[in-house]
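Chain and residue survey
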Amino acid sequence: MTDEKIALRTLLEKGSDATFLREMIGFAAQRVMELESEALCGAGHGERSAERRNQRNGYRDRDWETRAGTVELRIPKLRRGSYFPVFLEPRRLAEKALTAVVQEAYVQGISTRSVDDLVRAMGMEGISKSQVSRLCGEIDERVQTFLSRPIEGEWPYVWLDATYVKARRDHHIVSVAVIVAVGVNTDGRREVLGMTVGHSEAEPFWVEFLRSLARRGLRGAKLVISDAHEGLKAAIVKVLGATWQRCRVHFMRNALAYAGKTQRRIVSAWVGTAFAQDDAAAARKQWREVADQARPRVPSSRR
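Let me begin by describing the structure that accompanies this report. (Residues numbered from 1 in each chain as written. Predicted model: local features only at pLDDT ≥ 70, side-chain atom pairs only at ≥ 80, totals over all residues. Heavy atoms only, no water.)

Quick look at the pairing of strand β4 (residues 172–184) now. Note on strand geometry: in a regular strand, side chains alternate between the two faces of the sheet. Pairing of β4 with strand β5 (residues 190–198), which is carried by 8 bridges, proceeds in the antiparallel orientation. From the neighbouring strand, A181 faces β5, where its bridge partner is G194. With antiparallel pairing between neighbouring strands as the criterion, β4 and β5 make up a hairpin whose turn holds 5 residues, including G188 at a positive phi of roughly 85 degrees. (Pairing = 2+ DSSP bridges. Helix = DSSP H or I, 4+ residues; strand = E, 2+ residues; numbered from the N terminus.)

And the structure:
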């Protein structure tokens, strides 16, 4: 599975989970604006202070278009002068920085250094270390609440996969497996059901992950789609007792690995005709024809 990974960012931006990602981007952006306006005023909202230099005067609404969707922002207004967040300026990479921080919170929890870098990327000034630390805790808390929430309803279809990312462990940068479960419920809604991090994809790790989903309420799984990792397949049978199906994306990648670079496009087209059939019998018939066509032209396909 090391060479057959789904990008973490892609997973987080799929389906209803784009809603959570969008909410987290909005939450972090709003908190950063509040902190910066506090610094400009010299005091917190409603706080009495001899150091106050300005006062808040309500909000104005502004939509921010991101790759996770439209984020509705409430930009603080000041009684004297004006305030406009620098991160809304064209070509500033604030959204990318925000998304990266949320992703890091998924995998390992975020550090004050990460949020410090985020604040600088967003062009913010005057935010103290204690405020940055508080924002770290708020982001982590929201992400962990999402990942440990109860799973309600029936989830007949579940996809399981992993991607490898770099993470800091005991002051060292190591490669860790981010294990992800994505489900579709009886209403057709797609959602990330759970995520965890480990050093490998051995069967005991998959078993514990699936049991944690069951403890949170996962039920009704009838079909689980994944790659052909033996430890994962064994864990699915042991914990969920559901039918297993090989992921066609992983299968296609495996098949194309046997074809040369110049042959991959035509092999992909041939295999795709089998997937396009209306029923299993027709797909098997088409697959035999594809295999017969491939053998003379792609010698390694004989394997």
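So, next bit.
On to the pairing of strand β1 (residues 56–66), then. Summarising the sheet, β1 and strand β2 (residues 69–78) pair through 9 bridges and their orientation is antiparallel. Its bridge partner being in β2, W64 is matched across the sheet by V71. Counting the residues that bridge the hairpin from β1 to β2 gives 2 residues.

Moving on, we come to the packing of helix α8 (residues 248–256) against helix α9 (residues 264–275). Contact geometry of α8 with α9 gives a least axis separation of 10 Å together with a crossing angle of 140 degrees. The chirality of how α8 crosses α9 is right-handed. Contact with α8, carried on its side by R248, F251, M252 and L256, involves R264, V267, S268, V271, G272 and F275 of α9 and no other residues of that element. Here the contact of α8 with α9 is composed, by residue class, of 6 nonpolar, 2 polar and 2 charged. (Axes fitted to C-alpha atoms, helices over the stretch in contact; angles between N-to-C directions. Left-handed = near helix turned anticlockwise from the far one by under 90°. Contact = heavy atoms within 4.5 Å. Nonpolar A, V, L, I, M, F, W, Y, C, P; charged D, E, K, R; others polar.)

Before going further, it helps to examine the environment of R142. Turning to its location among the elements, R142 is positioned in helix α5 (residues 129–147). Classification of R142 by relative accessible area gives partly exposed; the value is 44%. For the pair R142 and F27, spaced 115 residues apart in sequence, the C-alpha to C-alpha distance is 9.7 Å. Once you skip the residues sitting within four places of it in the chain, R142 turns out to touch F20, M24 and F27. (Buried < 20%, exposed > 50% of the residue type's maximum accessible area, 1.4 Å probe, protein only.)

Across all of its chains, the model carries 9 salt bridges by this definition. Across the pair R31 and E138 runs a salt bridge, and its minimum N-O distance is 2.9 Å. Taken together, the residues span a long stretch of sequence, with R31 in helix α2 (residues 17–41) and E138 in helix α5 at a distance of 107 residues. Its relative accessible area of 17% is what places R31 among the buried residues. Overall, E138 belongs to the partly exposed group, its relative accessible area being 22%. Via salt bridges that share partners, R149, R189 and E191 belong to a single interconnected network. (Salt bridge = Lys/Arg side-chain N within 4 Å of Asp/Glu carboxyl O.)

A word on the side chain of R149. With respect to the element layout, R149 can be found in the loop between α5 and β3 (157–169). The buried category is assigned to R149, whose relative accessible area is 16%. Ignoring sequence-local partners within four residues, the contact set of R149 consists of E191, V192, L193 and R216.

In this section: the nonpolar core. Membership of the largest hydrophobic core comes to 32 residues, with the highest contact counts inside it found for I25, W64, L73, F87 and I139. Every element with two or more residues in this core is listed here: α2, β2, α5, β4 and β5. Per element, the largest residue contribution to this core is 10 residues, and it comes from α2. (Core = buried A, V, L, I, M, F, W, Y, C linked by side-chain atoms within 4.5 Å.)

Turning to α8, a few remarks are in order. Listed as buried for α8 are H250, M252 and L256. Looking down the long axis of α8, one finds its buried residues gathered within 160 degrees of arc, a one-sided arrangement. (Arc of directions from axis to C-beta.)

Further remarks concern the side chain of N185. Tracing the chain through its elements places N185 in the loop between β4 and β5. In terms of polar contacts, N185 uses its side chain to reach the backbone amide nitrogen of R189, at 2.8 Å. Apart from the residues lying within four places of it in its own chain, the contact partners of N185 are E154, W155 and P156. (Polar contact = N/O pair within 3.5 Å; in protein donor to acceptor, adjacent residues only side chain to side chain.)

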